[in-house]
Amino acid sequence: SRKISSPQGNRVSPGNGIGSSNHKGVDICNVSYSSKIYATKSGKVLIASMPYSDPDGGSSGYGNYVVIDHGNGNSTLYAHMSSRAVTEGQMVSQGQTIGYVGTTGSSTGNHLHLEMKVNNVLVNVMNYLS
């Protein structure tokens, strides 16, 4: 079964354990390398990026990641993928494979980092997971 290895909010930085960071999403672990990642909702792929093609040069630590715009200021971000299955501008359906679990970027093991914005504001993903 899947589990949350790092909830949203302030935490000690993983890896070196030095300092703290504000974790913007949740980390879902107990998933194997290359497990499929599905779109939580239909929308348009806003970003399908590799770390060093990012505008920030990869400093976000997301590695391979995808952002889907669901309209009305709602979006989801999926990070640390081993590879992406979608391209920018592509329309995706809910449940469509958008990428595969990996450990790219600032990651200490295979997992999915998931963020969600509602009305352009970052929200706690746990309030929306059933």
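Because the structure is predicted, anything quoted here is derived from the model rather than measured.

Caption draft 1: Broad picture of the overall build of the protein chain. Along the backbone of the protein chain there are 0 helices and 13 strands. Across the protein chain, helices and strands are ordered from the amino to the carboxyl terminus as β-β-β-β-β-β-β-β-β-β-β-β-β. When burial is assessed residue by residue, the protein chain has 42% of its 130 residues classed as buried. Contacts in the protein chain between residues at least 24 apart in sequence constitute 56% of all its contacts with a sequence separation of at least 6. If you sum the accessible surface of the protein chain, you get close to 7,100 Å²; carbon and sulfur atoms cover 49% of it.

Caption draft 2: Main features of the sheet that holds strand S9 (residues 83-84). Ordered by their spatial adjacency, 3 strands build an open sheet running S5-S11-S9, and the pairing between neighbours is antiparallel. Pairing within the sheet leaves two strands with one partner each, and these edge strands are strand S5 (36-38) and S9. Here S5 runs beside strand S11 (residues 97-100); their pairing, made up of 3 bridges, is antiparallel. Directly across from Ile37, in S11, lies its bridge partner Gly99.

Caption draft 3: Main features of the confidence of the model for the protein chain. This prediction gives the protein chain a mean pLDDT of 80; 74% of its residues lie at or above 70. Within the protein chain, the lowest mean pLDDT, 42, falls on strand S2 (residues 9-12), and the highest, 98, falls on strand S10 (residues 91-92). For the stretch residues 4-21, pLDDT sits under 50, and the model shows 42 contacts to residues farther than four places along the chain or on other chains.

Conventions we followed
Residue indices follow the written sequence of each chain, beginning from 1 at its first position. Per-residue local features are limited, in this predicted model, to residues with pLDDT of at least 70; the limit for side-chain atom pairs, both in listing and counting, is 80 or more; totals at the level of whole chains, interfaces and linings are taken over all residues. Each side-chain value is derived from all of the structure's non-hydrogen atoms; neither hydrogens nor water enter the calculation. Helix and strand assignments follow DSSP, with helices taken as H or I runs no shorter than four residues and strands as E runs no shorter than two, numbered in order from the N terminus. Partly exposed describes any residue whose relative accessible area lies between the buried limit of under 20% and the exposed limit of over 50%, with all areas from a 1.4 Å probe on protein chains only and scaled to the type maximum. Should any heavy atoms of two residues lie within 4.5 Å, those residues are considered in contact. Per-residue accessibility takes into account occlusion by the displayed protein chains alone, with areas from the Shrake-Rupley method and a 1.4 Å probe. Any two strands are treated as partners once DSSP identifies two or more bridges connecting them. Confidence of the predictor in every single residue is expressed as pLDDT, which spans 0 to 100.

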